[in-house]
Amino acid sequence: MAGALINVPKKAKRGDVIEIKTLISHIMETGFRHSTTGVPIPRDIITSFVCTYNNEEIFRAVLYPAIAANPFFTFNTIATESGTIEFKWQGDNGFFVAEQASITVE
Amino acid sequence: MSVNRKSARYLAAASMLLGFAAMAAQAEIPIGERRSGYADLAPDSKAMQDDDTANPGMLWVLEGETLWNAKSGAANSACADCHNDARATMKGVAARYPAFDSKLGRPIDLEQRINFCRAERQQAPAYAFESKELLSLSAFIGKQSRGEPIAPPADERLRPFVEAGREQFNSRQGQLNLSCAQCHDDNSGKRLAGSLIPQAHPTGYPLYRLEWQAVGSLQRRLRNCIVGMRAEPYDYGASEYVSLELYLMWRARGMPIETPAVRP
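If you trace the five strands from one edge of the open sheet to the other, you get S2-S8-S7-S4-S5 (chain A), paired in mixed fashion. The open sheet is flanked by strand S2 (11-12) and strand S5 (56-62) of chain A, the only strands paired with a single partner.

In structure tokens form, the structure reads like this:
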């Protein structure tokens, strides 16, 4: 599956509040379900999401089994300087996705 | 449980049955009064469908774009090798399916068309129905028709199949002895338990259903309804589904495609 969809404004004015949106493909299997033959389906979820802006952490989330598939995060930050915004998702079974977007602040 | 409560329940059940019996077969929904399921979405779900970076269906569309350009099969060819840029060549295609296939002598839907292309041109094994690959490709192709009006082909050979679909839509089936029309023509806009009964226009397939937490095809949705009527669902790809899809597209003619839509 395609990894993640990221929406970061390409340009912003210094001091502007910008909205960041991320959507990632993941089944978020709770670990509480059983297959039709009664075998427990092992948990497979994303456990953490971190966003950094020029290496400074601006958003972090811890995810739990009750969160639906394909988690969507939206949050705001203040555009301080041009640079890179990085996103990292980590989860069960060695799941790891990293994406980045660049922003120009004028 | 007290006797009174019990009899009250029987009364409720009896009046429900009477209610169903009283539903006279009404005519189809007039063209001007048709509404997409989108119109009845909660504001949150509408926002989710409208924003391509919030719409989870776009994950399948992206995957479909990758598959479109990936070489596959013994012919080592990609969809893009024949069809070039889908943005131009696939515009409006999803709005015209199911279409008549002269070789088979019957209509096929978009998923089947993709699989025939795979078998004949790419010489690759067909994708399973509801597989991620097939859903992704049909979502990607469907997305190219977003905003285009549904335009069933004016093909005389399709007529008996549209009629067969209409017949199915209006026939009672299953242990509940219901027809599609009883809910979706006669009682759309009312509620079944807590949920609004939509008019059942297939404007956004394949679509992301929050209940499924995934993208699914129109055939999967039809299965849902058939199981809900406690009837035996057909196998995926059955011609009964294709006729029903064809009739539903004809019934929704002119309405804009929303693929990939979001529904509750």
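All names here are of chain A. Bridge count between S2 and strand S8 (residues 96-105): two bridges; the pairing is parallel. The residue of S8 that forms the bridge with Ala12 is Val105. Pairing between strand S7 (residues 83-91) and S8: eight bridges, direction antiparallel. Its bridge partner being in S8, Lys88 is matched across the sheet by Ala98. Linking S7 back to S8 in an antiparallel pair, the connection comprises four residues, with Asn93 at a positive phi of about 55°.

With that settled, the discussion passes to a nonpolar patch on the surface. Residue and element names in this part refer to chain A. There is a patch of nonpolar side chains on the surface, built from Val62, Tyr64 and Ile67 and spanning about 290 Å² of accessible area. Mapping Tyr64 onto the fold places it in the loop between S5 and strand S6 (72-78). Its relative accessible area of 54% is what places Tyr64 among the exposed residues.

With that out of the way, let us pick up the environment of Leu248(B). Residue and element names in this part refer to chain B. Following the sequence through the fold, Leu248 ends up in helix H11 (residues 239-251). As a C-alpha pair, Leu248 and Arg166 span 82 residues in sequence and 8.2 Å in three-dimensional space. Residues within four places of Leu248 in sequence aside, it is in contact with Phe169, Ala200, Pro202 and Leu222.

For chain B, per-residue confidence averages 91 on the pLDDT scale, and residues scoring 70 or more make up 90% of the total. Scored by ipTM, the complex comes to 0.87, with pTM at 0.87.

Moving on: the interface of chain B and chain A. Listed per partner, the contact involves 14 residues of chain B and 14 residues of chain A. Interface area for chain B against chain A, summed over the two sides, is near 1200 Å², with a carbon-plus-sulfur share of 66%. Per-residue buried area on chain B facing chain A is highest for Thr53(B), Leu59(B) and Gln213(B); these three make up 49% of the total on that side. The shortest N-O distance in the salt bridge between Lys21(A) and Asp51(B) comes to 2.3 Å. In this structure, the connection of chain B to chain A is made through four residue pairs in polar contact (both at pLDDT 80 or more). The element best represented in the side of chain B that touches chain A is helix H3 (residues 57-69) of chain B, accounting for five residues. For the side of chain B that touches chain A, the per-class residue count stands at seven nonpolar, three polar and four charged.

Along any regular strand, the residues point their side chains to alternate faces of the sheet. All names here are of chain A. The buried count for strand S3 (residues 17-24) comes to six of eight residues, which makes it a mostly enclosed element. Judged from the four bridges that link them, strand S1 (residues 4-7) and S3 form a sheet pairing that is antiparallel. Within S3, the position partnered with Ile6 by the bridge is Thr22. Note: S3 against S6, seven bridges, orientation antiparallel. Bridge pairing links Glu19 to Asn76 in S6.

Inspection of every chain in the model, using the stated rule, returns 15 aromatic pairs over all chains. Look at Phe49(A) and Phe87(A): their rings are 6.4 Å apart centre to centre, the planes differ by 10°, and that puts the pair in the stacked class. Separated by 38 residues along the polypeptide, Phe49(A) in strand S4 (residues 46-53) and Phe87(A) in strand S7 bring together distant segments of the chain. Judged by its relative accessible area of 0%, Phe87(A) falls in the buried class. Three or more aromatic residues joined by ring pairs form one cluster here, namely Phe49(A), Phe59(A), Phe73(A), Phe75(A), Phe87(A) and Trp89(A). Note that Arg209(B) overlies the ring of Trp212(B), its terminal NZ or CZ placed 5.1 Å from the centroid.

The rules behind the values
- Residues numbered from 1 in each chain as written.
- Chains lettered and ligands numbered in written order.
- Predicted model: local features only at pLDDT ≥ 70, side-chain atom pairs only at ≥ 80, totals over all residues.
- Heavy atoms only, no water.
- Pairing = 2+ DSSP bridges.
- Helix = DSSP H or I, 4+ residues; strand = E, 2+ residues; numbered from the N terminus.
- Patch = residues over 30% accessible without salt bridge, like charges linked within 9 Å, V, L, I, M, F, W, Y side chains within 5 Å.
- Areas by Shrake-Rupley, 256 points an atom, 1.4 Å probe, with all protein chains shown as cover.
- Salt bridge = Lys/Arg side-chain N within 4 Å of Asp/Glu carboxyl O.
- Buried < 20%, exposed > 50% of the residue type's maximum accessible area, 1.4 Å probe, protein only.
- Contact = heavy atoms within 4.5 Å.
- pLDDT = per-residue confidence, 0-100.
- Buried area = accessible area lost by both parts, 1.4 Å probe.
- Polar contact = N/O pair within 3.5 Å; in protein donor to acceptor, adjacent residues only side chain to side chain.
- Nonpolar A, V, L, I, M, F, W, Y, C, P; charged D, E, K, R; others polar.
- Phe/Tyr/Trp six-rings, centres within 6.5 Å; stacked < 30°, edge-to-face > 60°.
- Lys NZ or Arg CZ within 6 Å of the ring centre and 35° of its normal.

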